[in-house]
Amino acid sequence: MKRIFCRPKGFTLTEILVAAAILAVLAAAALPLSKIAIQRENEIELRRSLRLIREAIDTYKKLADEKKIEFEADTDGYPPDLEILVNGVKLKSEGKDKKGEEKLMKFLRRIPRDPMTKSTDWGLLSSQDAPDAANWGEQNVFDVYTKSRRTAIDGTKYRDW
């Protein structure tokens, strides 16, 4: 009569350690890729936010140049701050609706969030400021930039975008 030895079901400690080591190596390889993917998404969002603010500033400036809105002479037709782009400005008399009320022109629904600093606190430049100025002159908002000091995937500084 033969004796049949049954091997107990389950995994040995060696098999579990080998599987865990393989899993750790794969996870370590995927981590840098996920960080770059997140950074790339943040860069796309930064470009989108900067473009949105730039278009709002340009629209405000165009209406000021066409004398459709009132503005202070020392602002050169640029908005005095970003909040006015959200709150809006009244168009001059030719911009009335059917009831004879002045139309309110809004340029942004809200100030976009800077994905690099996780805030709505943007760096601002006035048209009277030097291009590399560190502080805003507060005359108007000619341009915006992120306050992040980090470097982009392509090697440029986010502040220079």
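Undergrad: Quick one: what's the story with the overall build of the protein, residue by residue and with numbers?
TA: Counting its regular elements, the protein contains two helices and four strands. Helices (α) and strands (β) of the protein occur, in sequence order from the N terminus, as α-α-β-β-β-β. The C-alpha atoms of the protein give 28 Å as radius of gyration, which overshoots the globular expectation for 161 residues (15 Å, by more than 25%). Along the longest, intermediate and shortest principal axes, the C-alpha atoms of the protein span 110 × 45 × 20 Å. Scored against the burial criterion, the 161 residues of the protein give a buried share of 30%. A total of about 11800 Å² of accessible surface is found on the protein, and carbon and sulfur atoms cover 56% of it. With 30 positive and 26 negative side-chain charges, the protein shows a separation of 13 Å between the mean positions of the two kinds.

Undergrad: I'd love a proper account of the side chain of Lys-61, names of residues and values included.
TA: By the secondary structure assignment, Lys-61 is in helix H1 (residues 13–65). We classify Lys-61 as buried; its relative accessible area is 19%. When near neighbours in sequence (up to four residues on either side) are disregarded, Lys-61 contacts Asp-76, Gly-77 and Tyr-78.

Undergrad: Can you tell me about the packing of aromatic side chains, naming the residues and giving the values?
TA: A complete count under the given rule lists three aromatic pairs for this structure. Here Tyr-158 and Trp-161 contribute two aromatic rings whose centre-to-centre distance is 5.1 Å and whose plane-to-plane angle is 80 degrees, an arrangement assigned as edge-to-face. Classification of Tyr-158 by relative accessible area gives buried; the value is 0%. The exposure class of Trp-161 is partly exposed, given its relative accessible area of 22%. Sitting above the plane of the Trp-161 ring, Arg-47 keeps its charged end 3.9 Å from the centroid.

Undergrad: Account for a nonpolar patch on the surface, with residues named and values stated.
TA: A cluster of nonpolar side chains, namely Val-18, Ile-22 and Leu-26, defines an oily patch on the protein surface of about 290 Å² accessible area. Structurally, Ile-22 is set in helix H1.

Undergrad: Before we move on, can you summarise a positive patch on the surface with the specific residues and values?
TA: There is a patch of like positive charges on the surface, built from Arg-110, Arg-113, Lys-118 and Arg-150. Residue position: Arg-113 is located in the loop between strand E2 (104–105) and strand E3 (123–125). Residue class for Arg-113 comes out partly exposed when judged on its relative accessible area of 40%.

Undergrad: Could you give me a rundown of the pattern of salt bridges, with the residues and numbers involved?
TA: Overall, the coordinates contain six salt bridges when judged by the stated rule. We note a salt bridge from Arg-48 to Glu-45, for which the minimum N-O separation is 2.9 Å. You can see Arg-48 and its partner Glu-45 sitting in helix H1, three residues apart, about one turn around the helix. Its relative accessible area of 46% is what places Arg-48 among the partly exposed residues. A salt bridge links Arg-54 to Asp-143; the shortest N-O distance between them is 3.2 Å. Of this pair, Arg-54 sits in helix H1 while Asp-143 is found in strand E4 (residues 143–145), placing the two residues 89 residues apart along the sequence. Here the residues in one salt-bridge network are Arg-54, Asp-58 and Asp-143, joined through shared partners.

Analysis parameters
Residues numbered from 1 in each chain as written. Predicted model: local features only at pLDDT ≥ 70, side-chain atom pairs only at ≥ 80, totals over all residues. Heavy atoms only, no water. Helix = DSSP H or I, 4+ residues; strand = E, 2+ residues; numbered from the N terminus. Rg over C-alpha atoms; globule rule 2.2 N^0.38 Å. Buried < 20%, exposed > 50% of the residue type's maximum accessible area, 1.4 Å probe, protein only. Areas by Shrake-Rupley, 256 points an atom, 1.4 Å probe, with all protein chains shown as cover. Lys, Arg positive; Asp, Glu negative; His and termini not counted. Charge placed at Lys NZ, Arg CZ, Asp CG, Glu CD. Contact = heavy atoms within 4.5 Å. Phe/Tyr/Trp six-rings, centres within 6.5 Å; stacked < 30°, edge-to-face > 60°. Lys NZ or Arg CZ within 6 Å of the ring centre and 35° of its normal. Patch = residues over 30% accessible without salt bridge, like charges linked within 9 Å, V, L, I, M, F, W, Y side chains within 5 Å. Salt bridge = Lys/Arg side-chain N within 4 Å of Asp/Glu carboxyl O.

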